[in-house]
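The primary structure of each chain is shown beneath.
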There are 2 protein chains.
Amino acid sequence: MIAEKGTLNKGYMGTILRVDLTTGKVKTEPLPEELAKLYLGGRGLGAKILYDEVKPGIDPLSSANKLIFANGPLTGTLAQSCSRWMVITKSPLTGGIIRSTAGGSFGAELKSAGFDVLIVEGKADKPVYLWINDDQVVMRDAGKLWGLLSDEAASALRKELNDEKIKVATIGPAGEKLVRFAAIVDDRRTASRGGVGAVMGSKNLKAIAVRGSRKIELADRAKVQEVTRNQIAISQQSPLFQGFSHLGSPGVTVLLHELGIYPVRNFQGGILEGFHGNLTPDKLEEAFIKDVHCHNCYIHCGSIMRVARSPYAGKEVEGPEFETVWSFGGEVGNTNLGMIIEANRICDDYGVDTISAGNCIGFAMELYEKGILTKKDVGGLELIWGNQEAIIALLKKIVTREGIGDLLAEGTKRTAQKIGKGADKYAMHVKGLEIPAYDPRGAKAHGLNLATSNIGASHMTGYATQELFGIPEPAERFTPEGKGKLCKRNQDLMAISDSIIACGFPFLFGWLGIATYKQLLPAATGVEEFSDEEYLLKLGERVYNLERAFNAREGFGRKDDMLPSRFLTESPKSGPVKGHIFEMDMMLDDYYEARGWDKETGNPTRTKLESLGLKFAADELEKIGKLSE
Amino acid sequence: MIAEKGTLNKGYMGTILRVDLTTGKVKTEPLPEELAKLYLGGRGLGAKILYDEVKPGIDPLSSANKLIFANGPLTGTLAQSCSRWMVITKSPLTGGIIRSTAGGSFGAELKSAGFDVLIVEGKADKPVYLWINDDQVVMRDAGKLWGLLSDEAASALRKELNDEKIKVATIGPAGEKLVRFAAIVDDRRTASRGGVGAVMGSKNLKAIAVRGSRKIELADRAKVQEVTRNQIAISQQSPLFQGFSHLGSPGVTVLLHELGIYPVRNFQGGILEGFHGNLTPDKLEEAFIKDVHCHNCYIHCGSIMRVARSPYAGKEVEGPEFETVWSFGGEVGNTNLGMIIEANRICDDYGVDTISAGNCIGFAMELYEKGILTKKDVGGLELIWGNQEAIIALLKKIVTREGIGDLLAEGTKRTAQKIGKGADKYAMHVKGLEIPAYDPRGAKAHGLNLATSNIGASHMTGYATQELFGIPEPAERFTPEGKGKLCKRNQDLMAISDSIIACGFPFLFGWLGIATYKQLLPAATGVEEFSDEEYLLKLGERVYNLERAFNAREGFGRKDDMLPSRFLTESPKSGPVKGHIFEMDMMLDDYYEARGWDKETGNPTRTKLESLGLKFAADELEKIGKLSE
C-alpha cells in the first residue's frame, strides 16, 4: 500500500487510514490541510469526520456507525504529555457524539506507522483484528482472541505476531458482549467513557495491533524542545507536582472529600464514614509498587498497585484513578481499598468504564434500599451499602451480562426505563452517561459542565479548576451567578486541549495550556495561525459547536442538558454542601446566553454557527427543521 | 523460596540472590548492612564480592569465575538516570577486574523482583537460562535459544514465558562463541566492555529473564522527589541539554574532531577527510526516527535510527553512540554513516562491544597496510581504510569466529602476541582492553586515566571533562603537570557514581554529582553517613583501591599502566595535536604520588589500604609478597 499524503507533513503525517470491515478494503487518503487547520486533530478532527460521515438516526451498535481513532499534531513527538489517543464515535450509551481518550502508547505507535487518523467502518462477519505494520495493513481472523481478557488478548497478539513491541488497543469480553459502557484498553490505560468498546465489539473488531517506524518531522524541533523544557521546569515548581507525580489523581481524594463533593451512596450524601485512614493516600501507599507513565510523559502519574492481603491479594493493577476510588468507594459505601483495586482489575480485564460500572452498582444498591429491586431480582445478592462480596459479584455479572448484570450492562438510563417504578429518580446520569465523582451542588460551574457537556456527564470536558483548586484563579463554588461564561470558557479550552490531544491532568493544573500550545503547535507544524490565541479559542469553540450540531441533528436539546432531579430538589444529608441545591434553569439560561445559543432549544443559532465557519451545519439543521434563529 | 533480608530495607531490597549453575542450586542471603555502607552498591559492592570470592589465578572463562549483576540503592526508584545495572567479573580480555554497565530496564526489574545483587557461579553442562519471577527462580533449558541473535532470544523468551513485560539480559552468538569482547544485551542497551558476555557464554548461560513486582521503600520519598525535581530543572538550563537529549552522545563528535582527538586510522592521525557533512549531526538527523530512554530517565538520549538508502536500509537500530561513530568511522577510515549504523546493528545482534570490535578491525587494517597481514591471511578481503564491504565482512567473521575473525575475536593484545612480527606496536589497548575514541596525546588527564584505569582503557572510569568540555572548570589539555591529582579525583568520583549506579552522561555534564548524591542517598536509604561528602569521597577511593588490590593480586603493576608506545614516541601526522606526545613516566609518577601508591610497583601501600578500611587486602597482598611498603 502506498499511503497518500496530504501537504501538512510537519507534526502531522498527512495521511488518514480507512478500513472497511465489511469488505476488508483498506485505503489511505491525504489529510486535508484545510481540515487540520480548522479542527487541529484528535477531538476536533474526529468531530468533523463523524459529522460528515455518520448520518442521523443510525443505531450506534450497527454497521453504519464509525469508529474514529485520532491522533494530534504533537502525538509521538518529544512534546510531553501530548501523546494520548482518542476515539470518536456515536455513543451507544447516549446516542450522541462521544469522544473517549486514553494514554499509553497506542496513538504514538499508530502515528509512527504513518497515520493521523484511522477510520474503522462497516462490520466484519466474524471476529477479526487489524494488524497495522507501517504500510502493511491487514484484517485477520480473531477467533482465538475472542473471549480473552484485555491483557490476555494483547499478550496473545504479541505472541502471534512474534513481536513484543507492538502496541495493542483491544476490547475485553465486555466489549464483545456489547456492555454499553465497554472500554478500549491500551495495556492498562483505557478509552472508557460512553461505550466506545461496545461499538468496537459490535463491529466484531477485537483488537488493533500496530507497529510503526516512520519519523515525525517537526517544523522547528529546537523550539519544541525549548518550550517543553520550560513547561517541565514550571510544572515542577508547582506544589501539586510532588503528590501528583507519585500517586496520581487519587491524591485529590482528600480535598474533594473535605469539600463535601465526593458523593456517597449514589449521591445521597457527601461524607463517607470511615473515609480517613482507609481511602486516604497513606493507605494507597501500602499497595503502591511503582510509578509508570504514558509515552513521552515526564509526570508518571500512573501507579502499579497490588494488594498485599487476602482476599484481594494477587494480580497487579495500574491505578486506581481518583474516579475509581470514588465509584467503588463512596458511591457504593465501601471503604476497603483492596476491594477498589480488585474492582479496578476486573474493569480493566473485562474492559469497562469504572465510572459507569460503579455508578450502575450504586444505582442498583439504592434501588435495593428503596425496595424497587428485591433480593430475588438481583440473584440473591445482599445489595447493601459497602457489602464487598455483593459489589464484586454484581460487577462480575455486569461485565459478563449474567442475570441482573445483563440489565445493568445497558447503563442506568436504560435500566431505569426498563424497571419503571420510579427507578429513574435514582439513575445518576446526564444524557445517558453516568455522572462521575463530583456532587454538582457543591461546585456550580463544574456541575453546569456535567449538565451541558456534549457527551453527557463528563468531568473532563469542562472541569472547573477555579472552583475546586483555585486554578488559575479562585471562584466561589456555591454561587450560580456568572458560571455560564466560566463553564463555556472551560469547555472551549478543553476542546483545544482535546484536539491536540494533550493530557487533561497537566492541563487542569495549569502546567499545559493555551500559552504553551500557541508556542508548541506552530513549532511542530509550521502553521503560523496556531500561534494566535484568538484563533485557537475560536477553534475550540468551533469544535464545541460542531459537536452540538451533531447532537442537535440527533434530536438533542435543552431537555437533555439536565441533571437528575435529586440535585435540583434535595440537598445532601450532611457535610459542607448540606443546604445547597443546583439552580438548573437559571444556570442553563446563563450558559446559553454565554454560548450565543437559543435558550429555548439549547442549540446553536445560524449566526453563531456561521461566525465559526460552520455554515454547512446551519444549512443542514435548517433543512431538517432543527435550526434555532 | 523465602528471601533472606538484610536490615537495610530502604533504597535497598536487602537481599543477594546466588545461583550455582553447576548444581542448579539457588539461595538468598541478606545483604550485609556493613557492606552496603562501605561499598554502596553496583561497582563497589561488586568489587568487594569479587575480591572475596574469586581467588587469583583462575581462568576468567572457567567455572571458577563469577558473574555479579549488581544494582544500586537508587535503581528502580523515582531518582532519574540512576537505574543502570552493572556486571562485575574477572575479564577474559584483561585478566583483571572488569565492571561493565548498561541502561535499559533489566536492573530495575531485577530489583523489583527483590534483589540488590545476583551472583552467578559455576557452569551449566548445557545451555540454560534463568527465570526470576519474584521469589520463583529457576534454571531452564535454553537449547532452543542457543544461536539466536540477542533480540531474537529476548523475543523467544517473552513468547516462551508468555509475558511481554519480562526484562531480559542475554548474550548473542558472539558470547556463546566466547568472543573475548562479547557483550550482554538488555534490549538494545549493552553491558559491553571487557568480555562480560564471554564469561556468561562460558557458563552456558544464554539469558536471564526477570519480572518483579516488589516495592522499593524509600526513607524519605518527598525528599528524593524534591532533589530530583531540582536536578532536572538545573540540567535543563544547560546549553548541552537540548542536543544531548535529542541525538545523545554523537552530538560531541564535532567537538572532539575539532580538538583533534577523534583518532583516525587506528590512531595514526587526528583529522578524518570527509568528516564534515558525513558524520556530523545533520547527517544523523536523516536516519533519526525517535527518542528512547532507559528506565526512569528524563533525558532520553537514546535514538532509534534507520538507514533509508541501500545497501544499509533495513532494520532499526538504537544508537550509534559517539564511540561507535568513531570505532566504525575514524578508526577504520570510513565516512559512511549508513555503514556505521549497520555495523552497530551487527554488534548488538551478535552481542559484542562496538569499541573493541571497531578497534580490532582498525588494528587489522593497519597490519594489512604495513604488510604484516596479507590478503591471503584475511580471507581475500581488501582491508584498505574505508573499504565498507571489507569492514562489514570482517566484522561478521569476528562475531562468528570465522577464519581471521577467530583470531581477532581474541582482542588486539592476544592477536598481536599470536601474530608476532612486531604487530604489538599497532595493538591499541591498555591491559588488553581496546582504547576508545580519544587520542591520549591531546588530553593528558584523560589519557592518564586510559593508562591507569583498573579495567584497562576505559574512558568512563575517569573522564577528564575539565580538559574536554571545561566542566566543572577548564583545565589546559596538553599540560602534563598536575594531571595525576586531577585524574585521581575524576576516578574516585566516578567510582562513587558507578557504585550508585548513576548514568555517566549526566554525571559528566555536571547534572548529577556528589552534591546531588549526598542528598539523594540518605533520603533513599536513611543512611546518614551518605550525606557526608568526605565519607563518599573516601568510599570512592576505597572502591578504587580495592579493585587495584584485586589486580595486584593477579600480578598487575606499573608495567600495565602503560599506553601503546605509539603515543609515547610519535606525534599525530596532522591536526591540533600534531607535535604532542604523551609524557608517560613523568605522569605515572605524578599519579601514583597523588594516589599515595608505591611508584615502583604502581600498587597501594599498607598505609593507604588501612586508611581506607582495607586492611584485609593489605594482609593478603603481604602474604603473597605483593604489598608495597
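Residues numbered from 1 in each chain as written. Chains lettered and ligands numbered in written order. Predicted model: local features only at pLDDT ≥ 70, side-chain atom pairs only at ≥ 80, totals over all residues. Heavy atoms only, no water.

Peer 1: Even after reading the chapter, I still don't get helix H2 (residues 42–53) of chain A, so can you show me in this structure?
Peer 2: Owing to its 3.6 residues per turn, the α-helix brings residues three or four apart onto one side. Under the 1.5 Å per step criterion, the end-to-end length of H2 of chain A is 16 Å for twelve residues, consistent within 8% with the ideal 16 Å. In terms of burial, H2 of chain A is largely enclosed, as ten of its twelve residues are buried. (Helix = DSSP H or I, 4+ residues; strand = E, 2+ residues; numbered from the N terminus. Expected span 1.5 Å × (residues − 1). Buried < 20%, exposed > 50% of the residue type's maximum accessible area, 1.4 Å probe, protein only.)

Peer 1: Whenever I open this one, the interface of chain B and chain A confuses me. Can you help?
Peer 2: In many analyses, interface size is given as the accessible surface area lost on bringing the parts together. Counting from both sides, the interface comprises 38 residues of chain B and, opposite them, 36 residues of chain A. Interface of chain B and chain A: buried area, both sides summed, is about 3500 Å²; carbon and sulfur atoms make up 40% of it. Our count for the contact surface shared by chain B and chain A stands at six salt bridges. Its salt-bridge partner being Glu109 of chain B, residue Lys290 of chain A comes within 3.7 Å of it at the nearest N-O pair. Here chain B is connected to chain A by 25 residue pairs in polar contact (both at pLDDT 80 or more). Within the residue set of the side of chain B that touches chain A, elements represented by two or more residues are helix H3 (106–112), helix H4 (150–160), helix H7 (221–237), helix H8 (241–247), helix H10 (281–287) and strand E13 (288–292) of chain B. Broken down by element, the residue count for the side of chain B that touches chain A peaks at eight residues, all from H7 of chain B. (Contact = heavy atoms within 4.5 Å. Buried area = accessible area lost by both parts, 1.4 Å probe. Salt bridge = Lys/Arg side-chain N within 4 Å of Asp/Glu carboxyl O. Polar contact = N/O pair within 3.5 Å; in protein donor to acceptor, adjacent residues only side chain to side chain.)

Peer 1: Help me understand the packing of helix H19 (residues 483–500) of chain B against helix H22 (residues 533–553) of chain B, please; the structure alone is not making it clear to me.
Peer 2: Residue and element names in this part refer to chain B. The interhelical angle for the contact between H19 and H22, taken along N-to-C directions, is 95 degrees, at an axis separation of 8 Å. Considering their axes alone, H19 and H22 lie roughly perpendicular with respect to each other. Facing H19, whose interface residues are Lys488, Arg489, Gln491, Asp492, Leu493, Ala495, Ile496 and Ser499, H22 presents Leu536, Leu537, Gly540, Glu541, Val543 and Tyr544. When its residues are assigned to classes, the contact of H19 with H22 shows seven nonpolar, three polar and four charged. (Axes fitted to C-alpha atoms, helices over the stretch in contact; angles between N-to-C directions. Parallel < 35°, antiparallel > 145°, perpendicular 65-115°, else oblique. Nonpolar A, V, L, I, M, F, W, Y, C, P; charged D, E, K, R; others polar.)

Peer 1: Looking at this structure, how should I read H7 of chain B?
Peer 2: For H7 of chain B, which comprises 17 residues, the first-to-last C-alpha distance of 25 Å matches the rise-based estimate of 24 Å (1.5 Å per residue) to within 8%. For H7 of chain B, the set of buried residues is Arg221, Val224, Gln225, Val227, Thr228, Arg229, Gln231, Ile232, Ala233, Ser235 and Gln236 of chain B. The secondary structure elements touched by the buried residues of H7 of chain B are helix H7 (221–236), helix H8 (241–247), helix H10 (281–287) and strand E13 (288–292) of chain A together with H8 and helix H21 (514–525) of chain B.

Peer 1: Looking at this model, I keep getting lost on the sheet that holds strand E5 (residues 97–102) of chain A. Mind explaining?
Peer 2: Strand pairing in a sheet relies on backbone hydrogen bonds. The paired strands run either parallel or antiparallel. All names here are of chain A. Across the sheet, six strands lie side by side as E2-E1-E6-E3-E4-E5; this open sheet has mixed pairing. The open sheet has two edge strands with one neighbour each: strand E2 (25–30) and E5. Direction aside, neighbouring strands of the sheet carry axes that sit 20 degrees apart on average. Where strand E3 (residues 67–70) meets strand E6 (residues 117–121), four bridges bridge the pair, whose relative direction is antiparallel. Bridging from a neighbouring strand, Ala70 pairs with Val117 of E6. (Pairing = 2+ DSSP bridges.)

Peer 1: Explain the packing of H19 of chain B against helix H24 (residues 584–595) of chain B here, please?
Peer 2: Any two packed helices are characterised by how steeply their axes cross, that is the angle between the axes, and by the distance between the axes. All names here are of chain B. With their axes 7 Å apart at the nearest point, H19 and H24 run at an angle of 55 degrees to one another. Here H19 is positioned oblique relative to H24, judged by the angle of their axes. In this structure, the crossing between H19 and H24 has a hand that is right-handed. Across the interface between the two elements, Lys483, Gly484, Lys485, Cys487, Lys488, Gln491 and Asp492 of H19 pack against Met587, Asp590, Tyr591, Ala594 and Arg595 of H24. Across the contact of H19 with H24, the residue classes tally to four nonpolar, two polar and six charged. (Left-handed = near helix turned anticlockwise from the far one by under 90°.)

Peer 1: I keep staring at the domain arrangement of chain A and nothing clicks. Help me out?
Peer 2: All names here are of chain A. When cut into domains, chain A gives domain 1 (15–211), domain 2 (241–430) and domain 3 (440–500 + 532–623). Domain 1 and domain 3 are separated by 28 Å when their C-alpha centres are compared. The interface is formed by 31 residues belonging to domain 1 together with 29 residues belonging to domain 3. Between domain 1 and domain 3, roughly 2500 Å² of surface is buried when both sides are summed, and carbon and sulfur atoms account for 59% of that area. Sorting the residues of domain 1 by area buried against domain 3 places Arg43, Tyr51 and Ile97 first, and these three jointly supply 33% of that buried surface. Scanning the region where domain 1 abuts domain 3 turns up four salt bridges. Across the pair Arg43 and Glu547 runs a salt bridge, and its minimum N-O distance is 2.7 Å. Across the domain 1-domain 3 interface, the total number found is 15 residue pairs in polar contact (both at pLDDT 80 or more). Listing elements by their share of the side of domain 1 that touches domain 3, those giving two or more residues are helix H1 (33–39), H2, strand E4 (85–90) and E5. With eight residues, H2 is the single largest residue contributor to the side of domain 1 that touches domain 3. (Domains from an automatic or database assignment.)

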